[in-house]
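# Secondary and tertiary structure notes
Each chain is listed here by its residues.
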Amino acid sequence: MDAAKDHLALPGGRAALRPQALPTALLPFLGLLALALLLPLTGNEYWAMIATRAAIYWVLVAGLNLIVGFAGQLAIGYVALLTLGAYTTSVLATGNVLPPLPAFAALGCAAVVGAVFGVVVGLPALRLRTFYFAMTTLGFATIVTQIALAWQDVTGGGIGITGPQMPAPFDTAWGFYYFCLGIAVLCTWATGNIARSRFGRALIAIRDAEVAAEATGISKPALLVSVFIFAGAMAAVAGGLFAGLQTYITPEAFTFELSLLFFIAILIGGRGSILGPLLGTILLTLLPEIAAPLAAWSTFLYAVLLLVIVLAMPGGIAALLDFASRRPLPANRAILPRPAALETLMRRRPAPGRLRLDNIMLAFGGVRAIDGVDLEVAPGEVHGLIGPNGSGKTTTLNVVSGYYQPQQGRMTLGDDPLVSGRPQARAAFGIARTFQTPRIIGEATVLQNVMIGGTIDGRATFLETLLALPRHHRDERHLEQAARLALEAVGLEMLASARADRLQHSELRFVEIARALMLRPAYLLLDEPAAGLSSEEIKRLGSLIQAISRQGTGVLLVEHHADLIFDICDHVTVLNLGRVLASGTPAEIRVHKEVVSAYLGA
Amino acid sequence: MLASILASGLAVGAVYALIGITYNTMFATSRVMSFTAGQLGMLGGVLGSLFMLELDLPLVLALPLTLAACALIGVATEFVAVRPVLKSLDQHLYVLSTLAVALIIQQLTALGWGTEPRPFPRLLDLGSGMGDEKYWLPVATCAVTIFGLEYLYRRTLVGRAFIAVAEDNFAACALGLPERNLRIASYALAGAVGALAGFSGGQLLLAFFANGPLLNFYGFIPVALGGLGNNRGAVIGGLALGLFQQAANFTVGGIFSSVMVFTMFIAILLVAPQGLFGSPSTRRV
């Protein structure tokens with residue numbers, strides 16, 4: 001298999017780490033670009049206009065795609081930012097308020113205004129639920145049009161305003177076309193850089209596995225704000241170009257239909273893809289031209305298209321083009337952990353102090369889920385946490401990883417206090433975890449899923465990544481190398497390039513462990529990792545956990561398989577009704593009277 | 001001016017509240033917020049005008065026909081846009097599917113009925129000035145609806161079954177309640193409530209295809225502020241919104257009143273995302 005070959009070449013050189021699929025993935029883009037560059041040969045200026053419009057729409061959609069397709073935030077009313085950009089550029093270029101600016105300067109100002117308002121429009125997404133956010137973006141779109149109508153001194157009201165006049169050589173139909181095409185190519189390149197970086201993967205993680213994203217230290221607000229700035233600026237630039245193309249704009253030019261076009265182009269294209277939405281944008285721009293008699297029906301057709309996509313092909317064009325995921329995976333594959341890889345993966349990690357829970361109390365309403373729990377895990381120790389259902393095991397884990405805020409008690413790691421209620425801050429302390437039900441991004445590959453675990457290790461900023469500066473490449477090489485090692489350690493390296501939703505349940509559990517290992521964790525919290533595993537797999541899991549602990553990682557293991565617990569734990573704590581019933585070595589616990597009667601049975 | 005603000009504020013507020021109840025009724029049994037709520041209100045006006053002015057039907061025929069037609073559209077929504085996406089509720093596909101159905105309804109109305117606002121008939125021909133029926137009819141309808149729903153939910157077996165499904169879908173299924181039929185029924189009920197909103201407010205809003213998005217937005221605000229699924233919150237929120245909007249309308253003018261309403265709405269939601277009367281969201285881990 002290709003993945004295996006890649007992997008063998010791994011420790012040697014960096015060259016082998018370059019994604020092999022890149023050139024083939026680029027081909028469709030280059031093909032489209034070639035077509036676009038040849039278009040002037042037709043000499044038909046009507047086509048120049050249509051193609052320019054498609055390029056302009058794509059400038060907006062490319063940015064919006066990161067919000068809708070990657071981060072999964074349903075920003076429906078994005079025409080608002082197009083309107084804003086169009087008016088800012090036109091007003092500044094005409095000199096309605098200030099002395100007239102050159103077209104390019106006006107376009108630059110529009111980008112800045114767009115970036116600011118991109119954040120304003122996006123802010124509700126940080127706090128509100130999906131439908132609420134969709135509604136607020138719609139509301140914003142209505143308001144902007146109304147303001148454009150009412151603010152006559154500046155915008156010309158219903159009469160409108162002339163668009164910016166581009167300087168030579170961009171003042172002809174084809175000149176302007178090449179200018180817009182150039183910006184569109186830049187946008188494609190920039191969003192592509194983001195998509196194939198830790199930022200792009202983190203966006204998808206927010207969309208499909210938000211809780212897991214928090215546990216790996218991804219900060220949703222910071223990430224979304226960066227994307228809103230970028231998408232807002234792009235949308236406003238698109239607006240300025242749109243005004244240039246129209247030569248004259250009125251509020252009526254910015255219909256809700258346009259919003260719908262942008263939004264549906266992304267959905268037709270498929271979530272988490274760039275080629276798909278690009279094709280979608282071209283398709284939807286051409287559709288009304290081809291079907292001119294149906295102009296009155298265009299919104300209706302968009303709506304029907306939206307319904308059909310949602311119901312019949314949620315994956316969009318991208319799913320249709322994803323041939324690799326239709327090849328069958330090897331049938332009789334086994335998970336064969338190779339703990340030797342841990343040596344390379346986990347080296348150079350500072351020795352942590354002890355993880356201590358002190359008299360933690362947490363009540364949900366009137367129920368005390370944890371009632372004064374003390375717990376201490378040492379580096380390099382496997383610490384079992386057992387007890388009957390409802391005794392507070394998982395709750396304790398959630399307190400340690402910061403999801404729950406206990407009403408009482410304190411937590412420390414070494415000398416540092418662990419603030420509760422901030423799960424995304426845990427990764428920086430080197431605390432990683434897995435979940436009772438694996439929280440995996442089904443649409444991403446196994447390798448990408450694991451790479452998400454190392455998101456906070458990246459050094460390149462959003463801007464550096466956008467421009468593909470050297471640090472971005474270094475990050476990617478580093479993350480991929482570590483992820484392949486982690487996959488080798490848990491024994492799944494042959495599935496690295498498979499889509500995660502094609503894996504079996506037991507394999508997903510090991511993928512989660514690999515993702516957690518990416519942090520080179522000081523403490524690893526495992527929530528019932530053996531649930532649903534075969535007895536052979538449980539044995540392998542046991543030795544893997546022990547190997548991890550030998551690297552100095554403290555493991556806190558919540559589990560129901562008593563055999564596994566007693567085989568591999570150095571220390572066992574038994575919970576019952578939210579209190580510590582007993583604590584000691586496995587040998588002591590096994591004969592502890594109350595434990596036997598409350599939990600283990602005679 | 002105060003009297004005008006009060007009369008028109010309460011009237012549009014009652015319409016918003018009814019649309020809010022439409023949202024809630026659909027949400028209760030399916031956990032789906034549907035973009036069709038506002039379109040049902042729009043259809044109430046358009047169909048009422050169609051039946052009474054175009055086809056010259058009397059009120060006693062036109063009202064039940066309008067309600068039945070909208071109930072049918074409610075059921076159709078359930079079949080087309082809600083049921084297929086229920087199994088993947090966490091992907092929020094319902095936002096898209098109901099948006100698509102809402103747009104289809106709106107565009108078909110635009111093509112069939114026209115894009116100009118058309119008049120809506122006087123229904124009872126009672127009152128004049130501030131006591132005109134166009135002001136008090138929506139308020140009265142809202143009152144009747146909320147008491148009717150309270151009676152249904154508290155006193156009848158079917159209503160209690162609704163509440164059981166709304167509270168805990170799985171437990172209700174385990175009890176043997178016909179969850180799917182109850183959901184269909186609630187969509188029919190929501191259709192009728194939405195139609196009532198448009199019908200009773202027809203003389204204010206006219207029979208206009210573009211009322212849908214407007215009602216969608218202003219009907220959603222009381223739901224968001226009052227807390228999802230909370231009908232009393234929706235009524236209080238709706239009336240407050242109507243009064244606030246009309247007060248702003250009369251004092252600072254149309255465009256600024258929209259901006260004010262929108263800003264207020266966002267500000268309140270950012271402070272209290274679960275609404276003023278709603279409960280905090282559930283555990284995620």
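Treat the numbers as computed from the prediction; the structure is a model and nothing was measured.

Thresholds applied
- Residues numbered from 1 in each chain as written.
- Chains lettered and ligands numbered in written order.
- Predicted model: local features only at pLDDT ≥ 70, side-chain atom pairs only at ≥ 80, totals over all residues.
- Helix = DSSP H or I, 4+ residues; strand = E, 2+ residues; numbered from the N terminus.
- Rg over C-alpha atoms; globule rule 2.2 N^0.38 Å.
- Buried ≥ 20, exposed ≤ 12 C-beta atoms within 10 Å, placed from the backbone.
- Contact = placed C-beta atoms within 7 Å.
- Nonpolar A, V, L, I, M, F, W, Y, C, P; charged D, E, K, R; others polar.
- Core = buried A, V, L, I, M, F, W, Y, C linked by C-beta atoms within 7 Å.
- Pairing = 2+ DSSP bridges.
- Axes fitted to C-alpha atoms, helices over the stretch in contact; angles between N-to-C directions.
- UniProt positions renumbered as here; feature names shortened; annotations may be inferred.
- Domains from an automatic or database assignment.
- Parallel < 35°, antiparallel > 145°, perpendicular 65-115°, else oblique.
- Left-handed = near helix turned anticlockwise from the far one by under 90°.

Glancing now at the overall build of chain A. Of regular secondary structure, chain A possesses 26 helices and 12 strands. The globule rule puts the C-alpha radius of gyration for 602 residues at 25 Å, and the 28 Å found for chain A is close to it. Projected onto its principal axes, the C-alpha coordinates of chain A cover approximately 85 × 55 × 40 Å. Per-residue burial over chain A gives 51% buried out of 602 residues. Within chain A, contacts between residues at least 6 apart in sequence are counted, and of these 77% link residues at least 24 apart.

Contacts between the two partners involve 30 residues from chain A and, on the opposite side, 28 residues from chain B. Top contributing element to the side of chain A that touches chain B by residue count: helix α7 (residues 130–150) of chain A, with 12 residues. Classifying every residue of the side of chain A that touches chain B gives 23 nonpolar, six polar and one charged.

If you look at the biggest cluster of nonpolar residues, it comprises 288 residues, and the most contacted ones within it are A:V59 and A:A486. Leaving out residues up to four positions away in the same chain, A:A486 has contacts with A:L345, A:V450, A:A514, A:L517 and A:M518.

Attention now goes to the environment of A:G244. Checked against the element boundaries, A:G244 lands in helix α12 (residues 220–246). Taking C-alpha positions, A:G244 is 9.1 Å from A:A103, a pair spaced 141 residues apart along the chain.

What follows covers the pairing of strand β6 (residues 408–413) of chain A. Residues and elements named next belong to chain A. Bridge count for strand β3 (residues 355–364) against β6 is five bridges, and the pairing is antiparallel. Following the sheet pairing, M361 is matched in β6 by Q408. As defined by bridge partners, β6 adjoins strand β7 (residues 416–417) across two bridges and the pair is classed as antiparallel. Across the sheet, T412 pairs through a bridge with P417, a residue of β7. In textbook terms, the turn of a hairpin is the stretch between consecutive antiparallel strands, and for β6 and β7 this stretch comprises two residues, one of which, G414, has a positive phi near 60°.

A few words on the sheet that holds β3(A). Residues and elements named next belong to chain A. If you trace the four strands from one edge of the open sheet to the other, you get β4-β3-β6-β7, paired in antiparallel fashion. The open sheet has two free edges, formed respectively by β4 (367–377) and β7, since each of these has just one partner strand. The sheet strands contacting helix α18 (residues 393–400) are β3, β4 and β6, and the helix crosses β4 at an angle near 65°.

Take the UniProt feature "transmembrane region" (unreviewed entry) in chain B next. Residues and elements named next belong to chain B. Per the UniProt entry, the sites bearing "transmembrane region" (unreviewed entry) are residues 6–25, 32–53, 59–81, 93–115, 135–153, 187–211, 217–243 and 250–272 in this numbering. End-to-end, the C-alpha atoms of residues 6–25 are 28 Å apart, and along that stretch the chain is 100% helix and 0% strand. For the annotated span residues 217–243, helix accounts for 85% and strand for 0% of the residues, and the straight-line distance between the end C-alpha atoms is 16 Å.

Below, the discussion takes up the sheet that holds strand β11 (residues 571–576) of chain A. All names here are of chain A. Taking strand neighbours across the sheet as the criterion, the six strands line up as β8-β9-β10-β5-β11-β12 in an open arrangement whose pairing is mixed. In this open sheet, the two strands that pair with only one neighbour each are β8 (431–433) and β12 (579–584). Across this sheet, the average inter-strand angle for adjacent strands is 20°, counted without regard to direction. When strand β5 (residues 382–386) meets β11, the two strands line up parallel, connected through four bridges. Across the sheet, the residue bridging to H383 is H571, located in β11. Contacts from helix α26 (residues 593–600) reach β5, β11 and β12, with the element oriented near 120° to β12.

The next point concerns the domain arrangement of chain A. All names here are of chain A. Once the domains are mapped, chain A shows domain 1 (45–291), domain 2 (352–430 + 521–600) and domain 3 (446–502 + 509–514). A C-alpha centroid distance of 48 Å is found between domain 1 and domain 2. Taken together, the contacts link six residues of domain 1 with six residues of domain 2. Of the residues belonging to the side of domain 1 that touches domain 2, the class tally is two nonpolar, three polar and one charged.

Residue and element names in this part refer to chain A. According to UniProt, the feature "transmembrane region" (unreviewed entry) maps to residues 20–43, 55–81, 101–123, 130–152, 172–191, 223–249, 261–287 and 299–321 in the numbering used here. Helix makes up 87% of residues 101–123 and strand 0%, and the two end C-alpha atoms of the span are 31 Å apart. Within residues 130–152, the helical portion is 96% and the strand portion 0%, while the C-alpha atoms at the span's ends are 35 Å from each other.

Turning to the packing of helix α3 (residues 45–70) of chain A against α12(A), a few remarks are in order. Residue and element names in this part refer to chain A. Interhelical geometry of α3 versus α12 gives an angle of 165° and a closest axis separation of 8 Å. Classified by the angle their axes make, α3 and α12 are roughly antiparallel. α12 is crossed by α3, and the crossing has left-handed handedness. For the pair formed by α3 and α12, the contact residues are T52, R53, I56, V59, L60, A62, G63, L64, L66 and I67 on the first element and V227, F230, A231, M234, A235, V237, A238, L241, F242 and L245 on the second. In terms of residue class, the contact of α3 with α12 is built from 17 nonpolar, two polar and one charged.

So, on to the packing of helix α13 (residues 256–269) of chain A against helix α14 (residues 275–290) of chain A. Residues and elements named next belong to chain A. One way to put it is that α13 packs onto α14 with a least axis distance of 7 Å and a crossing angle of 130°. Taken together, the axis directions place α13 and α14 in an arrangement best described as oblique. Crossing geometry of α13 relative to α14 is assigned as right-handed. When α13 is examined against α14, the residues L261, I264, A265, I266, I268 and G269 are found in contact with a partner set consisting of G276, P277, L278, L279, G280, T281, L283 and L284.

For the rest of this paragraph, the subject is the environment of B:M42. All names here are of chain B. Note that M42 resides in helix α2 (residues 36–54). Residue class for M42 comes out buried when judged on the 31 C-beta atoms lying within 10 Å of it. Distance in space between the C-alpha atoms of M42 and A62 is 16 Å, their sequence separation being 20 residues. Those residues in contact with M42, other than ones at most four positions away along the chain, are G198, F209, N211, G212 and L215.

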